[in-house]
Amino acid sequence: MLDESALAGQAARELAEELGISAVAEELRLWVVTRGENGSVGLTYLAPALPEATLRADFTAAAAAERVRGREPELDDIALVRSPDELAALTGPHADYLKPIVRRFAGCR
């Protein structure tokens, strides 16, 4: 059953798998629900803030652990942005709902 607790648990698992950040579901807060161009629905959770150095180190360790297992990490790089204007400099694919989420997080309307 996909209740709020189960969804937060899945978000915590994704956070650990993709970024190497350990958090329990109770630490995550449902922040926004988005709808992608293809009709997909996404739930975005906020996790407790971490220092940038910690985030980057955990991400690097998670990616290295995947490679040791003979798998290519789902994410191969991480970019930290503070405003929607910084998105234009990003290369590679990204989710179609990224700009609205960054705009909302940055407080831009």
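Residues numbered from 1 in each chain as written. Predicted model: local features only at pLDDT ≥ 70, side-chain atom pairs only at ≥ 80, totals over all residues. Heavy atoms only, no water.

**So, the pattern of salt bridges**
Then comes step 1: In this structure the tally under the stated criterion is four salt bridges.
Then comes step 2: Linking glutamate 66 and arginine 69 is a salt bridge whose minimum nitrogen-to-oxygen distance equals 3.1 Å.
Then comes step 3: The buried category is assigned to glutamate 66, whose relative accessible area is 18%.
Then comes step 4: Note on arginine 69: relative accessible area 52%, which makes it exposed.
Then comes step 5: Between glutamate 66 and arginine 71 there is a salt bridge, and its shortest N-O distance comes to 3.0 Å.
Then comes step 6: If you follow the salt bridges from partner to partner, you end up with Glu66, Arg69 and Arg71 in one network. (Salt bridge = Lys/Arg side-chain N within 4 Å of Asp/Glu carboxyl O. Buried < 20%, exposed > 50% of the residue type's maximum accessible area, 1.4 Å probe, protein only.)

**Thoughts on the packing of aromatic side chains**
Then comes step 1: Scanning the model with the defined rule gives one aromatic pair in all.
Then comes step 2: Ring geometry for tryptophan 31 against phenylalanine 105: centres 5.8 Å apart, planes inclined by 80°, an arrangement best described as edge-to-face. Of this pair, tryptophan 31 sits in strand S1 (residues 29–35) while phenylalanine 105 is found in helix H3 (residues 98–106), placing the two residues 74 residues apart along the sequence.
Then comes step 3: Residue tryptophan 31 is classed as buried on the basis of its relative accessible area of 18%.
Then comes step 4: Overall, phenylalanine 105 belongs to the exposed group, its relative accessible area being 60%.
Then comes step 5: Above the plane of the ring of tryptophan 31 lies arginine 104, whose end atom (NZ or CZ) is 5.5 Å from the centre. (Phe/Tyr/Trp six-rings, centres within 6.5 Å; stacked < 30°, edge-to-face > 60°. Helix = DSSP H or I, 4+ residues; strand = E, 2+ residues; numbered from the N terminus. Lys NZ or Arg CZ within 6 Å of the ring centre and 35° of its normal.)

**Notes on helix H2 (residues 52–68)**
Then comes step 1: Its 17 residues place the ends of H2 24 Å apart at the C-alpha level, agreeing with the 24 Å of an ideal helix rising 1.5 Å per residue.
Then comes step 2: Of all the residues in H2, the buried ones are Leu55, Phe59, Ala62, Ala63 and Glu66. Angular distribution of buried residues about the axis of H2 spans 95°; they occupy a single face of the element. Facing away from the buried side of H2 by over 90 degrees, the exposed positions are Ala53, Thr60 and Val68.
Then comes step 3: In this fold, the buried residues of H2 make contact with helix H1 (4–19).
Then comes step 4: In the segment just after H2, glycine 70 is the residue with positive phi, at about 85°. (Expected span 1.5 Å × (residues − 1). Arc of directions from axis to C-beta. Contact = heavy atoms within 4.5 Å.)

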